[in-house]
Amino acid sequence: MNNAIRWFVTIPVAAIVTVGLFLAMRALIAKEFQPQDKSETASFEINPKVEDVKVIEREIKVDKIKKVDTPPPPPQIERAQADKPTEKIASLEGAIPEFEAPKIDAQNFKIAVSDRDAQPLVRIPPIFPPRFLQGDNSGFCKVRFDVSPEGQPFNVETTLCTSNQLKSATIKSVQKWKYNPKIVDGRSVSRSGVESTIRFDLSDERGRTLPMPSGF
């Protein structure tokens, strides 16, 4: 039953499509043929002839060389002539002249060295405490110490500081210093009571030194 219905629907549709195609083909055949215009044939020349290019040459005239007079030689300066030596040259090669060497008394020979006070040779700058760097003022410490015969500071103590944070840094710095020892009668001796001031200067963003705290 289903096959009969399918054939009943398909046959009319196929007939309509066939008739439509037939009519379309007939209309195309009935249209007159119009030939297209022929395109112009392009021609190419192989190995074309190239005309020679004329090179333009400039005529450069060179002036005749002028005769240049040679300048006169510079004036000569008279040189003084040395007098000939009157003494005769020693005939013995490698001869050493004889002379009498001075006699030195080893027992009484002494090198005199003038007396002097202790003199600084090396001064190591202090290390700024981190908390002090965050402050708004500069500072200083006055210190007193002794110098040994070898030039080494000892008994280092601070006498006045603008901040207690600077005491330890000042003492550690002075202990690394080096001095020329004090000389008395040609011998190095200890020097006591040497005083010095160590500054701890801070700067602002513009590079200006910050002032000391009030009261100093």
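Residues numbered from 1 in each chain as written. Predicted model: local features only at pLDDT ≥ 70, side-chain atom pairs only at ≥ 80, totals over all residues. Heavy atoms only, no water.

Student: Just checking my understanding: could you explain the overall build of the protein chain for this structure?
Tutor: Summing up its helical and strand segments, the protein chain has 3 helices and 7 strands in all. Within the protein chain, buried positions represent 16% of all 216 residues. The long-range fraction of contacts in the protein chain, counting pairs at least 24 apart against all pairs at least 6 apart in sequence, stands at 70%. Carbon and sulfur atoms make up 55% of the accessible area of the protein chain, which totals about 21,100 Å². (Helix = DSSP H or I, 4+ residues; strand = E, 2+ residues; numbered from the N terminus. Buried < 20%, exposed > 50% of the residue type's maximum accessible area, 1.4 Å probe, protein only. Contact = heavy atoms within 4.5 Å. Areas by Shrake-Rupley, 256 points an atom, 1.4 Å probe, with all protein chains shown as cover.)

Student: What is the right way to read the sheet that holds strand β7 (residues 191-200) from this model?
Tutor: One key point about sheets: their strands pair by backbone hydrogen bonds, in either a parallel or an antiparallel sense. If you trace the 3 strands from one edge of the open sheet to the other, you get β3-β2-β7, paired in antiparallel fashion. Among the strands making up the open sheet, the edge pair consists of β3 (153-161) and β7. On average, each strand axis in the sheet is tilted by 25° relative to the strand beside it, whichever way the strands run. Taken together, the 6 bridges between strand β2 (residues 139-147) and β3 define a ladder with antiparallel strand orientation. Following the sheet pairing, Cys141 is matched in β3 by Cys161. Here helix α3 (residues 167-174) sits on the sheet in contact with β2, β3 and β7, set at roughly 150° to β3. (Pairing = 2+ DSSP bridges. Axes fitted to C-alpha atoms, helices over the stretch in contact; angles between N-to-C directions.)

Student: It is not clear to me how a nonpolar patch on the surface should be interpreted in this structure. Could you clarify?
Tutor: Taken together, the side chains of Val13, Val17 and Leu21 present a nonpolar region at the surface, about 280 Å² in accessible area. Along the chain, Val17 turns up in helix α1 (residues 2-30). (Patch = residues over 30% accessible without salt bridge, like charges linked within 9 Å, V, L, I, M, F, W, Y side chains within 5 Å. Salt bridge = Lys/Arg side-chain N within 4 Å of Asp/Glu carboxyl O.)

Student: It is not clear to me how the side chain of Ser173 should be interpreted in this structure. Could you clarify?
Tutor: Following the sequence through the fold, Ser173 ends up in helix α3. Ser173 sits in the buried class, given a relative accessible area of 3%. Side-chain polar atoms of Ser173 contact the backbone oxygen of Ile124, separated by 2.4 Å. Beyond its immediate chain neighbours, meaning those up to four positions away, Ser173 contacts Ile124, Pro125 and Pro126. (Polar contact = N/O pair within 3.5 Å; in protein donor to acceptor, adjacent residues only side chain to side chain.)

Student: Help me out: how do you make sense of the packing of aromatic side chains in this one?
Tutor: Given two aromatic rings, their pairing is described by the distance between the two centres and the angle made by the two planes. A full pass over the atoms with the stated rule returns 6 aromatic pairs. Taken together, a centroid distance of 5.2 Å and an interplanar angle of 70° make the contact between Phe128 and Phe200 edge-to-face. On the criterion of sequence distance, the pair formed by Phe128 in the loop between β1 (119-122) and α2 (130-133) and Phe200 in strand β7 is long-range, its members being 72 residues apart. A relative accessible area of 26% means that Phe128 is categorised as partly exposed. (Phe/Tyr/Trp six-rings, centres within 6.5 Å; stacked < 30°, edge-to-face > 60°.)

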